[in-house]
Amino acid sequence: TDRDSADRLSGPLTAVHDLIDAGAVETRLGEHREEDFLNADLVVANPAVPTPWTNPFLAAAREKGVPITTEIRLLIETLTARGVTRTIGLTGSAGKSTTSAMLHHLLTLPFPQALLGGNIGGSLLERADVAAPNDVVVLELSSAMLHWLSASCGSPWSPSIGVLTNLATNHIDWHSTFAHYARSKAQIRTSQRPERGDLFVTRFHLERPDASQEAARLAGDWWSSPPPTTGDPLPFAPQSLRVSLPGEHNVRNATLALIVAEAACRRWGGAATISQLTDRISGYTGLPHRLQLVVEAGGLRFYNDSKSTTPDATLLAVQSFSDPRRVHLIAGGYDKGSDLSPIRALAPSLGHLYAIGTTGPSLVERDAASSTTLCGTVDNAVRTALQRMRAGDVLLLSPGCASWDQFRNYEERGELFVALVTASAPPRAVAHHL
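Here the structure is a predicted model, which means the values were calculated and not measured.

(A) Summary view of the environment of Ala-211. Counting through the fold element by element, Ala-211 comes out in helix 13 (residues 209–219). Accessibility expressed as a relative area gives 24% for Ala-211, which makes it partly exposed. Sequence separation between Ala-211 and Leu-167 is 44 residues, and the spatial gap between their C-alpha atoms is 7.7 Å.

(B) Local environment of unusual backbone geometry. Along the chain, Ser-225 connects to Pro-226 via a cis peptide bond; the corresponding omega equals -5°. Looking at where Pro-226 falls in the secondary structure, it is placed in the loop between helix 13 and helix 14 (248–268). Even without a glycine there, the phi angle at Thr-51 is positive, about 30°. Within the secondary structure layout, Thr-51 lies in the loop between strand 1 (43–44) and helix 4 (56–64).

(C) A look at the nonpolar core. Core analysis: the largest hydrophobic core is formed by 36 residues, its most contacted members being Ile-88, Met-102, Leu-103, Leu-107 and Ile-161. Elements supplying a minimum of two residues to this core: strand 3 (87–91), helix 6 (96–107), strand 6 (161–164), helix 14 and helix 15 (274–281). At 10 residues, helix 14 tops the list of elements feeding residues into this core. Those residues in contact with Met-102 that sit more than four places away from it in its chain are Val-243, Leu-245, Asn-250, Asn-253, Ala-254, Ala-257, Ile-281 and Tyr-284. If you look at the next biggest cluster of nonpolar residues, it comprises 29 residues, including Leu-75, Ala-131, Leu-139 and Phe-178.

Conventions adopted
- Residues numbered from 1 in each chain as written.
- Predicted model: local features only at pLDDT ≥ 70, side-chain atom pairs only at ≥ 80, totals over all residues.
- Heavy atoms only, no water.
- Helix = DSSP H or I, 4+ residues; strand = E, 2+ residues; numbered from the N terminus.
- Buried < 20%, exposed > 50% of the residue type's maximum accessible area, 1.4 Å probe, protein only.
- Core = buried A, V, L, I, M, F, W, Y, C linked by side-chain atoms within 4.5 Å.
- Contact = heavy atoms within 4.5 Å.

Following this line, the structure appears as C-alpha coordinates:
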(Lines give C-alpha, C1' and ligand atoms only; values in the text may rest on other atoms or scores of the structure.)
Protein backbone atom coordinates (compact mmCIF):
# COMPACT_ATOMS: atom_id res chain seq x y z
CA THR A 1 0.00 0.00 0.00
CA ASP A 2 1.51 3.31 -1.13
CA ARG A 3 0.29 6.84 -1.67
CA ASP A 4 2.29 7.07 -4.89
CA SER A 5 0.64 6.12 -8.18
CA ALA A 6 1.29 2.98 -10.21
CA ASP A 7 3.14 5.08 -12.81
CA ARG A 8 5.54 6.49 -10.23
CA LEU A 9 6.11 3.02 -8.77
CA SER A 10 6.55 1.26 -12.11
CA GLY A 11 10.13 0.23 -11.33
CA PRO A 12 9.51 -1.44 -7.96
CA LEU A 13 6.27 -3.01 -9.22
CA THR A 14 8.14 -4.71 -12.07
CA ALA A 15 10.06 -6.75 -9.49
CA VAL A 16 6.83 -8.35 -8.21
CA HIS A 17 4.66 -8.33 -11.33
CA ASP A 18 4.63 -12.14 -11.50
CA LEU A 19 3.29 -12.32 -7.93
CA ILE A 20 0.67 -9.69 -8.72
CA ASP A 21 -0.37 -11.52 -11.90
CA ALA A 22 -0.64 -14.78 -9.93
CA GLY A 23 -2.90 -13.15 -7.35
CA ALA A 24 -0.39 -13.68 -4.53
CA VAL A 25 0.08 -9.94 -4.02
CA GLU A 26 -2.59 -7.27 -3.94
CA THR A 27 -1.62 -3.61 -4.24
CA ARG A 28 -3.26 -0.47 -2.89
CA LEU A 29 -1.79 2.49 -4.80
CA GLY A 30 -2.50 6.20 -4.73
CA GLU A 31 -3.92 5.99 -1.22
CA HIS A 32 -3.87 4.21 2.14
CA ARG A 33 -6.98 2.63 3.64
CA GLU A 34 -7.21 2.06 7.36
CA GLU A 35 -8.95 -1.30 6.96
CA ASP A 36 -5.87 -2.72 5.20
CA PHE A 37 -3.84 -2.03 8.33
CA LEU A 38 -6.51 -3.19 10.77
CA ASN A 39 -7.11 -6.49 8.95
CA ALA A 40 -3.45 -7.43 8.48
CA ASP A 41 -1.65 -10.22 10.30
CA LEU A 42 1.58 -8.22 10.10
CA VAL A 43 2.46 -4.70 8.92
CA VAL A 44 5.93 -4.14 7.42
CA ALA A 45 6.70 -0.43 7.53
CA ASN A 46 8.99 1.19 5.00
CA PRO A 47 11.77 3.02 6.89
CA ALA A 48 11.21 6.03 4.62
CA VAL A 49 7.90 6.72 6.42
CA PRO A 50 8.74 9.76 8.59
CA THR A 51 7.92 10.05 12.30
CA PRO A 52 6.26 6.61 12.28
CA TRP A 53 5.15 7.09 15.89
CA THR A 54 2.69 9.75 14.61
CA ASN A 55 1.51 7.93 11.48
CA PRO A 56 -2.28 7.40 11.81
CA PHE A 57 -2.32 4.10 9.90
CA LEU A 58 0.48 2.57 11.95
CA ALA A 59 -1.19 3.93 15.09
CA ALA A 60 -4.46 2.25 14.13
CA ALA A 61 -2.69 -1.09 13.59
CA ARG A 62 -0.78 -0.73 16.85
CA GLU A 63 -3.96 0.09 18.80
CA LYS A 64 -5.65 -3.04 17.47
CA GLY A 65 -2.64 -5.17 18.38
CA VAL A 66 -1.43 -5.83 14.84
CA PRO A 67 2.33 -6.40 14.99
CA ILE A 68 4.49 -3.90 13.08
CA THR A 69 7.98 -4.67 11.81
CA THR A 70 10.50 -3.56 9.18
CA GLU A 71 12.81 -5.26 6.70
CA ILE A 72 15.85 -4.74 8.93
CA ARG A 73 14.13 -6.30 11.96
CA LEU A 74 13.01 -9.27 9.86
CA LEU A 75 16.62 -9.70 8.76
CA ILE A 76 17.98 -9.50 12.31
CA GLU A 77 15.39 -12.03 13.52
CA THR A 78 16.29 -14.40 10.67
CA LEU A 79 20.02 -14.13 11.37
CA THR A 80 19.46 -14.63 15.11
CA ALA A 81 17.33 -17.71 14.46
CA ARG A 82 20.15 -19.16 12.36
CA GLY A 83 22.69 -18.52 15.14
CA VAL A 84 24.53 -15.73 13.31
CA THR A 85 26.09 -13.49 15.97
CA ARG A 86 29.14 -12.16 14.11
CA THR A 87 27.48 -8.88 13.18
CA ILE A 88 29.11 -5.51 12.53
CA GLY A 89 26.80 -2.51 12.36
CA LEU A 90 28.03 0.79 11.03
CA THR A 91 26.27 4.16 11.15
CA GLY A 92 27.04 7.87 10.88
CA SER A 93 25.91 11.06 9.19
CA ALA A 94 28.56 10.86 6.45
CA GLY A 95 30.92 8.19 5.19
CA LYS A 96 28.99 5.15 6.39
CA SER A 97 28.44 3.65 2.92
CA THR A 98 32.07 3.99 1.86
CA THR A 99 33.38 2.77 5.22
CA SER A 100 30.97 -0.19 5.19
CA ALA A 101 32.06 -1.15 1.68
CA MET A 102 35.74 -0.72 2.58
CA LEU A 103 35.24 -2.88 5.66
CA HIS A 104 33.49 -5.61 3.67
CA HIS A 105 36.31 -5.50 1.10
CA LEU A 106 38.85 -6.04 3.89
CA LEU A 107 36.89 -8.78 5.64
CA THR A 108 36.52 -10.93 2.54
CA LEU A 109 40.25 -11.70 2.95
CA PRO A 110 39.98 -13.46 6.36
CA PHE A 111 36.26 -14.27 6.01
CA PRO A 112 35.54 -15.05 2.31
CA GLN A 113 31.81 -15.54 2.96
CA ALA A 114 31.36 -12.12 4.61
CA LEU A 115 28.05 -10.48 3.70
CA LEU A 116 27.26 -6.79 3.18
CA GLY A 117 23.76 -5.35 3.51
CA GLY A 118 21.42 -3.08 5.42
CA ASN A 119 21.13 0.38 3.89
CA ILE A 120 23.46 -0.60 1.04
CA GLY A 121 23.34 -3.13 -1.76
CA GLY A 122 19.76 -4.33 -1.38
CA SER A 123 18.11 -6.56 1.20
CA LEU A 124 20.00 -9.50 2.69
CA LEU A 125 16.73 -11.28 3.41
CA GLU A 126 17.17 -13.04 0.06
CA ARG A 127 20.33 -14.73 1.41
CA ALA A 128 19.75 -14.74 5.16
CA ASP A 129 18.12 -18.18 5.16
CA VAL A 130 21.42 -19.78 4.10
CA ALA A 131 23.65 -17.81 6.48
CA ALA A 132 25.79 -20.00 8.75
CA PRO A 133 26.68 -19.26 12.40
CA ASN A 134 30.31 -18.47 11.54
CA ASP A 135 29.45 -16.00 8.79
CA VAL A 136 30.34 -12.34 9.31
CA VAL A 137 27.64 -9.82 8.38
CA VAL A 138 28.39 -6.13 7.81
CA LEU A 139 25.33 -3.87 8.02
CA GLU A 140 25.17 -0.22 7.10
CA LEU A 141 22.42 1.09 9.40
CA SER A 142 20.52 4.33 8.88
CA SER A 143 19.03 6.32 11.74
CA ALA A 144 15.55 5.13 10.69
CA MET A 145 16.65 1.50 10.75
CA LEU A 146 18.20 1.95 14.18
CA HIS A 147 15.02 3.58 15.48
CA TRP A 148 13.09 0.47 14.42
CA LEU A 149 15.66 -1.71 16.25
CA SER A 150 15.24 0.20 19.53
CA ALA A 151 13.24 -0.81 22.59
CA SER A 152 10.37 1.48 21.57
CA CYS A 153 9.70 -0.81 18.57
CA GLY A 154 10.15 -4.25 20.11
CA SER A 155 13.09 -6.23 21.42
CA PRO A 156 16.13 -3.92 21.23
CA TRP A 157 19.14 -5.03 19.21
CA SER A 158 22.69 -3.80 18.73
CA PRO A 159 25.47 -5.47 16.70
CA SER A 160 28.40 -7.38 18.17
CA ILE A 161 30.69 -4.63 16.87
CA GLY A 162 29.11 -1.18 16.58
CA VAL A 163 30.81 1.56 14.56
CA LEU A 164 30.15 5.32 14.32
CA THR A 165 31.78 7.46 11.62
CA ASN A 166 30.50 10.86 12.78
CA LEU A 167 27.35 12.73 13.77
CA ALA A 168 25.85 15.93 12.33
CA THR A 169 22.40 17.38 11.80
CA ASN A 170 20.50 15.25 9.28
CA HIS A 171 17.06 13.77 8.55
CA ILE A 172 15.23 16.27 10.73
CA ASP A 173 12.24 15.77 8.40
CA TRP A 174 12.10 12.14 9.59
CA HIS A 175 13.03 12.55 13.27
CA SER A 176 11.59 16.02 14.00
CA THR A 177 14.57 16.89 16.21
CA PHE A 178 18.32 16.38 16.21
CA ALA A 179 18.05 14.88 19.69
CA HIS A 180 15.78 12.08 18.39
CA TYR A 181 18.10 11.53 15.43
CA ALA A 182 21.10 11.21 17.76
CA ARG A 183 19.21 8.90 20.14
CA SER A 184 18.31 6.66 17.23
CA LYS A 185 21.94 6.52 16.14
CA ALA A 186 22.85 5.55 19.72
CA GLN A 187 21.12 2.20 19.21
CA ILE A 188 24.32 1.12 17.46
CA ARG A 189 25.66 0.52 21.00
CA THR A 190 22.69 0.94 23.41
CA SER A 191 21.91 -2.80 23.63
CA GLN A 192 25.46 -4.10 23.36
CA ARG A 193 26.69 -6.48 26.05
CA PRO A 194 30.34 -5.87 26.96
CA GLU A 195 30.36 -9.05 29.07
CA ARG A 196 29.73 -10.94 25.82
CA GLY A 197 32.69 -9.22 24.21
CA ASP A 198 30.72 -6.64 22.24
CA LEU A 199 32.76 -3.68 21.01
CA PHE A 200 32.01 -0.10 20.03
CA VAL A 201 34.48 1.66 17.72
CA THR A 202 34.68 5.32 16.73
CA ARG A 203 37.25 8.02 16.10
CA PHE A 204 34.70 10.82 15.78
CA HIS A 205 35.78 12.62 18.98
CA LEU A 206 39.46 12.26 18.04
CA GLU A 207 39.40 13.18 14.36
CA ARG A 208 36.72 15.87 14.51
CA PRO A 209 36.66 17.18 18.10
CA ASP A 210 34.84 20.43 17.24
CA ALA A 211 31.99 18.58 15.49
CA SER A 212 31.88 16.04 18.31
CA GLN A 213 31.62 18.74 20.95
CA GLU A 214 28.86 20.54 19.06
CA ALA A 215 26.87 17.31 18.64
CA ALA A 216 27.42 16.52 22.34
CA ARG A 217 26.12 19.96 23.29
CA LEU A 218 22.89 19.28 21.41
CA ALA A 219 22.33 15.60 22.19
CA GLY A 220 24.81 14.25 24.74
CA ASP A 221 28.04 12.35 24.09
CA TRP A 222 26.94 8.71 24.05
CA TRP A 223 29.75 7.91 21.57
CA SER A 224 32.58 8.86 23.95
CA SER A 225 31.24 7.88 27.36
CA PRO A 226 32.11 5.27 28.51
CA PRO A 227 35.31 5.34 26.43
CA PRO A 228 34.90 3.40 23.18
CA THR A 229 37.42 1.23 21.42
CA THR A 230 39.33 3.69 19.25
CA GLY A 231 42.30 1.64 18.11
CA ASP A 232 44.75 4.11 19.64
CA PRO A 233 47.65 3.75 19.44
CA LEU A 234 47.05 2.62 15.88
CA PRO A 235 48.97 -0.41 14.58
CA PHE A 236 49.63 1.53 11.35
CA ALA A 237 50.25 5.11 10.23
CA PRO A 238 47.17 6.60 8.50
CA GLN A 239 49.34 8.95 6.45
CA SER A 240 51.11 5.93 4.94
CA LEU A 241 47.91 4.29 3.69
CA ARG A 242 47.52 3.98 -0.06
CA VAL A 243 43.88 4.90 -0.68
CA SER A 244 42.71 5.21 -4.28
CA LEU A 245 39.75 7.48 -3.46
CA PRO A 246 40.38 11.24 -3.30
CA GLY A 247 40.12 13.22 -0.09
CA GLU A 248 41.42 13.19 3.47
CA HIS A 249 38.00 11.99 4.64
CA ASN A 250 38.53 8.75 2.71
CA VAL A 251 41.79 8.23 4.59
CA ARG A 252 39.71 8.56 7.77
CA ASN A 253 37.16 6.10 6.38
CA ALA A 254 39.93 3.64 5.52
CA THR A 255 41.53 4.06 8.95
CA LEU A 256 38.26 3.25 10.70
CA ALA A 257 37.61 0.26 8.42
CA LEU A 258 41.07 -1.12 9.15
CA ILE A 259 40.63 -0.73 12.91
CA VAL A 260 37.32 -2.61 12.80
CA ALA A 261 38.65 -5.32 10.47
CA GLU A 262 41.63 -5.92 12.74
CA ALA A 263 39.33 -6.08 15.79
CA ALA A 264 37.04 -8.57 14.00
CA CYS A 265 40.03 -10.77 13.16
CA ARG A 266 41.19 -10.75 16.78
CA ARG A 267 37.74 -11.53 18.10
CA TRP A 268 36.67 -14.15 15.56
CA GLY A 269 39.97 -15.75 14.61
CA GLY A 270 40.38 -14.21 11.17
CA ALA A 271 43.68 -15.19 9.53
CA ALA A 272 44.83 -11.78 8.30
CA THR A 273 47.58 -9.56 9.63
CA ILE A 274 47.33 -5.79 9.84
CA SER A 275 50.01 -5.63 7.13
CA GLN A 276 47.86 -7.76 4.81
CA LEU A 277 44.81 -5.62 5.56
CA THR A 278 46.62 -2.34 4.89
CA ASP A 279 47.86 -3.75 1.58
CA ARG A 280 44.34 -4.80 0.68
CA ILE A 281 42.82 -1.35 1.29
CA SER A 282 44.79 0.03 -1.67
CA GLY A 283 42.76 -2.24 -3.95
CA TYR A 284 39.44 -0.70 -2.97
CA THR A 285 38.20 1.36 -5.94
CA GLY A 286 34.99 2.80 -4.53
CA LEU A 287 31.24 2.63 -5.04
CA PRO A 288 29.09 4.22 -7.72
CA HIS A 289 27.64 7.60 -6.72
CA ARG A 290 30.33 8.18 -4.08
CA LEU A 291 33.00 10.49 -5.54
CA GLN A 292 32.91 8.29 -8.63
CA LEU A 293 35.21 9.53 -11.38
CA VAL A 294 32.95 9.17 -14.42
CA VAL A 295 34.81 10.80 -17.32
CA GLU A 296 38.07 12.62 -18.05
CA ALA A 297 37.90 14.62 -21.27
CA GLY A 298 39.41 17.74 -22.75
CA GLY A 299 41.25 18.49 -19.53
CA LEU A 300 37.98 18.25 -17.56
CA ARG A 301 37.01 15.72 -14.91
CA PHE A 302 33.47 14.75 -13.94
CA TYR A 303 32.63 13.24 -10.53
CA ASN A 304 29.33 11.66 -9.48
CA ASP A 305 28.80 12.02 -5.71
CA SER A 306 25.01 11.69 -5.77
CA LYS A 307 25.09 9.71 -2.52
CA SER A 308 26.03 12.98 -0.80
CA THR A 309 22.74 13.82 0.92
CA THR A 310 24.06 15.99 3.77
CA PRO A 311 25.88 19.35 3.74
CA ASP A 312 28.72 17.74 5.68
CA ALA A 313 29.21 15.16 2.93
CA THR A 314 29.29 17.88 0.29
CA LEU A 315 31.93 19.84 2.19
CA LEU A 316 34.06 16.70 2.47
CA ALA A 317 33.70 16.06 -1.26
CA VAL A 318 34.82 19.59 -2.16
CA GLN A 319 37.73 19.33 0.26
CA SER A 320 38.89 16.24 -1.62
CA PHE A 321 40.23 18.50 -4.37
CA SER A 322 43.36 20.54 -3.82
CA ASP A 323 42.03 23.73 -5.43
CA PRO A 324 38.32 24.49 -4.80
CA ARG A 325 38.51 27.30 -7.37
CA ARG A 326 38.61 24.62 -10.05
CA VAL A 327 35.52 22.84 -8.65
CA HIS A 328 32.14 23.49 -10.27
CA LEU A 329 29.56 22.14 -7.80
CA ILE A 330 26.01 21.00 -8.50
CA ALA A 331 24.06 21.03 -5.22
CA GLY A 332 20.49 21.06 -3.92
CA GLY A 333 17.47 18.77 -3.92
CA TYR A 334 14.78 17.62 -1.51
CA ASP A 335 14.49 19.59 1.71
CA LYS A 336 15.20 17.36 4.74
CA GLY A 337 15.38 20.30 7.11
CA SER A 338 19.18 20.42 7.18
CA ASP A 339 21.08 23.68 7.55
CA LEU A 340 22.38 24.33 4.03
CA SER A 341 24.29 27.50 4.91
CA PRO A 342 27.67 25.66 4.82
CA ILE A 343 27.07 24.82 1.14
CA ARG A 344 25.90 28.35 0.40
CA ALA A 345 29.03 29.71 2.08
CA LEU A 346 31.21 27.62 -0.24
CA ALA A 347 30.09 29.46 -3.37
CA PRO A 348 32.62 32.35 -3.37
CA SER A 349 35.54 29.92 -3.06
CA LEU A 350 34.37 27.62 -5.88
CA GLY A 351 34.67 27.78 -9.62
CA HIS A 352 30.86 28.09 -9.52
CA LEU A 353 27.82 26.70 -7.69
CA TYR A 354 24.85 25.41 -9.71
CA ALA A 355 21.73 25.13 -7.52
CA ILE A 356 19.05 22.53 -8.27
CA GLY A 357 15.88 21.10 -6.78
CA THR A 358 13.52 22.34 -4.09
CA THR A 359 16.34 23.76 -1.99
CA GLY A 360 18.01 25.43 -4.97
CA PRO A 361 16.66 28.93 -4.26
CA SER A 362 17.96 28.81 -0.69
CA LEU A 363 21.49 28.21 -2.01
CA VAL A 364 21.49 31.35 -4.12
CA GLU A 365 22.55 34.55 -2.40
CA ARG A 366 21.09 37.72 -3.91
CA ASP A 367 24.51 39.32 -4.14
CA ALA A 368 26.26 36.15 -5.32
CA ALA A 369 25.22 36.10 -8.97
CA SER A 370 28.85 35.86 -10.01
CA SER A 371 29.39 32.63 -8.02
CA THR A 372 25.95 30.93 -8.06
CA THR A 373 23.39 30.08 -10.72
CA LEU A 374 19.89 28.75 -10.06
CA CYS A 375 19.52 25.92 -12.61
CA GLY A 376 16.60 23.91 -11.24
CA THR A 377 17.47 20.57 -12.82
CA VAL A 378 20.56 18.40 -13.20
CA ASP A 379 20.51 18.54 -16.99
CA ASN A 380 20.30 22.34 -16.99
CA ALA A 381 23.12 22.50 -14.45
CA VAL A 382 25.37 20.27 -16.58
CA ARG A 383 24.69 22.35 -19.70
CA THR A 384 25.35 25.61 -17.84
CA ALA A 385 28.53 24.30 -16.23
CA LEU A 386 30.01 23.07 -19.52
CA GLN A 387 29.72 26.61 -20.89
CA ARG A 388 31.80 28.00 -18.00
CA MET A 389 34.41 25.29 -17.42
CA ARG A 390 38.00 25.45 -18.62
CA ALA A 391 40.77 22.84 -18.86
CA GLY A 392 41.77 21.67 -15.39
CA ASP A 393 38.28 22.16 -13.93
CA VAL A 394 36.14 19.56 -12.15
CA LEU A 395 32.36 19.20 -12.38
CA LEU A 396 31.14 17.65 -9.14
CA LEU A 397 27.59 16.48 -8.47
CA SER A 398 27.49 16.47 -4.66
CA PRO A 399 23.96 17.68 -3.80
CA GLY A 400 24.05 17.71 0.01
CA CYS A 401 20.32 16.94 -0.15
CA ALA A 402 18.06 13.96 -0.76
CA SER A 403 16.73 13.35 -4.29
CA TRP A 404 13.02 12.78 -3.70
CA ASP A 405 11.83 16.09 -5.11
CA GLN A 406 12.82 15.11 -8.67
CA PHE A 407 13.99 11.47 -8.52
CA ARG A 408 12.98 8.19 -6.94
CA ASN A 409 16.39 7.84 -5.27
CA TYR A 410 19.96 9.11 -5.34
CA GLU A 411 20.94 6.34 -7.78
CA GLU A 412 18.53 7.64 -10.40
CA ARG A 413 19.92 11.16 -9.92
CA GLY A 414 23.49 9.92 -10.26
CA GLU A 415 22.72 7.79 -13.31
CA LEU A 416 21.23 10.82 -15.06
CA PHE A 417 24.37 12.84 -14.30
CA VAL A 418 26.59 10.02 -15.61
CA ALA A 419 24.54 9.80 -18.82
CA LEU A 420 24.60 13.57 -19.34
CA VAL A 421 28.34 14.08 -18.83
CA THR A 422 29.25 10.95 -20.80
CA ALA A 423 27.17 12.16 -23.75
CA SER A 424 28.45 15.74 -23.46
CA ALA A 425 32.14 15.01 -22.96
CA PRO A 426 34.53 16.08 -25.74
CA PRO A 427 35.99 13.43 -28.07
CA ARG A 428 38.66 11.04 -26.77
CA ALA A 429 37.02 10.97 -23.37
CA VAL A 430 38.06 8.29 -20.93
CA ALA A 431 35.11 6.80 -19.08
CA HIS A 432 35.53 5.17 -15.69
CA HIS A 433 33.02 2.54 -14.63
CA LEU A 434 33.20 1.35 -11.01
